[in-house]
Amino acid sequence: MNEVKKIEEINEDISWRDITPGGVAPWAGGAETFTTGDWRTMRPVLIEDKCTGCLLCWPTCPDTSIIPTDDGKIKYDYDHCKGCGVCVEVCPFDAIDFVEDIS
Ligand code: SF4
Ligand code: SF4
């Protein structure tokens, strides 16, 4: 198999054999290339006053969209958050609002 091409590398000089079915990205970190959170219908919003910085939410995000911050709390990567609500459910301090996010 030839070297697999990324979506942005598709051009008139390559063959279909150079592309994976469905555009599947077999390399690590592929999501960095795309904004995958733009079909989200709900958005988690941190309530700063309630957040203790326990980070119990951080490992539960299936999209690695919770980022620890220097002030000991978290922020969201909204480019990749899908609005699944897992972090909202697991936070034991009710420190995350879950609001409609339809644009
Ligand atoms: S689980 Fe809740 S309190 Fe803990 S870091 Fe996450 S948002 Fe903050
Ligand atoms: S709503 Fe889901 S995808 Fe978004 S930060 Fe929380 S756990 Fe991650």
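Keep in mind that what you see is a predicted model, and the values were worked out from it rather than measured.

(A) How the structure looks around the site of ligand 2. The local shell around ligand 2 holds 13 residues, among which Cys 61, Cys 81, Cys 84, Gly 85 and Cys 87 are the closest. The class makeup of the residues in the shell around ligand 2 is nine nonpolar, two polar and two charged.

(B) Highlighting the pattern of salt bridges. In the structure shown here, the tally under the stated rule is three salt bridges. With a shortest N-O distance of 2.8 Å, Arg 40 and Asp 101 are connected by a salt bridge. Here the residue Arg 40 occupies a position in the segment before strand E1 (42-46), and Asp 101 occupies one in the segment after strand E4 (96-100), the gap between them amounting to 61 residues. Just as Arg 40 is buried, Asp 101 falls in that class too. Across the pair Lys 82 and Asp 63 runs a salt bridge whose closest N-O atoms are separated by 2.9 Å. One end of the pair, Lys 82, is in the loop between strand E3 (74-76) and helix H1 (86-90); the other, Asp 63, is in the loop between E1 and strand E2 (66-68), and 19 residues separate them in sequence.

(C) The domain arrangement of the chain, seen in detail. Domain annotation of the chain identifies domain 1 (1-34) and domain 2 (38-103). Computed from C-alpha atoms alone, the centre-to-centre distance between domain 1 and domain 2 is 31 Å.

(D) How the structure looks around the environment of Glu 89. Its location among the elements puts Glu 89 in helix H1. C-alpha separation for the pair Glu 89 and Asp 49, spaced 40 residues apart in sequence, amounts to 18 Å.

(E) Representation of a negative patch on the surface within the structure. A cluster of like negative charges, contributed by Glu 48, Asp 49, Asp 70 and Asp 71, occupies part of the molecular surface. Mapped onto the elements, Asp 71 comes out in the loop between E2 and E3. Residue Asp 71 is classed as exposed on the basis of its relative accessible area, which comes to 56%.

(F) Molecular detail of the packing of aromatic side chains. Taken as a whole, this structure holds one aromatic pair when the rule is applied. Their ring planes at 35 degrees and their centres at 5.7 Å tell us that Tyr 76 and Tyr 78 sit as a pair that is tilted. We classify Tyr 76 as buried; its relative accessible area is 10%. With a relative accessible area of 26%, Tyr 78 lands in the partly exposed category. Looking at Arg 43, its charged tip hangs above the ring of Tyr 78, at a distance of 4.0 Å from the centre.

(G) Main features of the site of ligand 1. In the region of ligand 1, the neighbouring residues are Leu 46, Cys 51, Thr 52, Gly 53, Cys 54, Leu 55, Cys 57, Cys 91, Pro 92, Phe 93 and Ile 96. Among the residues making up the shell around ligand 1, the classes are represented as nine nonpolar, two polar and no charged.

(H) A look at the nonpolar core. Counting residues in hydrophobic clusters, the biggest one holds 12 residues: Leu 46, Cys 51, Cys 57, Cys 61, Ile 66, Ile 74, Tyr 76, Cys 87, Val 88, Cys 91, Ala 95 and Ile 96. Elements that contribute at least two residues to this core include exactly E3 and H1. Beyond its immediate chain neighbours, meaning those up to four positions away, Ile 74 contacts Leu 46, Leu 55, Cys 57, Ile 66, Ile 67, Pro 68 and Thr 69.

About the cut-offs
- Residues numbered from 1 in each chain as written.
- Chains lettered and ligands numbered in written order.
- Predicted model: local features only at pLDDT ≥ 70, side-chain atom pairs only at ≥ 80, totals over all residues.
- Heavy atoms only, no water.
- Near = heavy atom within 4 Å.
- Nonpolar A, V, L, I, M, F, W, Y, C, P; charged D, E, K, R; others polar.
- Salt bridge = Lys/Arg side-chain N within 4 Å of Asp/Glu carboxyl O.
- Helix = DSSP H or I, 4+ residues; strand = E, 2+ residues; numbered from the N terminus.
- Buried < 20%, exposed > 50% of the residue type's maximum accessible area, 1.4 Å probe, protein only.
- Domains from an automatic or database assignment.
- Patch = residues over 30% accessible without salt bridge, like charges linked within 9 Å, V, L, I, M, F, W, Y side chains within 5 Å.
- Areas by Shrake-Rupley, 256 points an atom, 1.4 Å probe, with all protein chains shown as cover.
- Lys, Arg positive; Asp, Glu negative; His and termini not counted.
- Charge placed at Lys NZ, Arg CZ, Asp CG, Glu CD.
- Phe/Tyr/Trp six-rings, centres within 6.5 Å; stacked < 30°, edge-to-face > 60°.
- Lys NZ or Arg CZ within 6 Å of the ring centre and 35° of its normal.
- Core = buried A, V, L, I, M, F, W, Y, C linked by side-chain atoms within 4.5 Å.
- Contact = heavy atoms within 4.5 Å.

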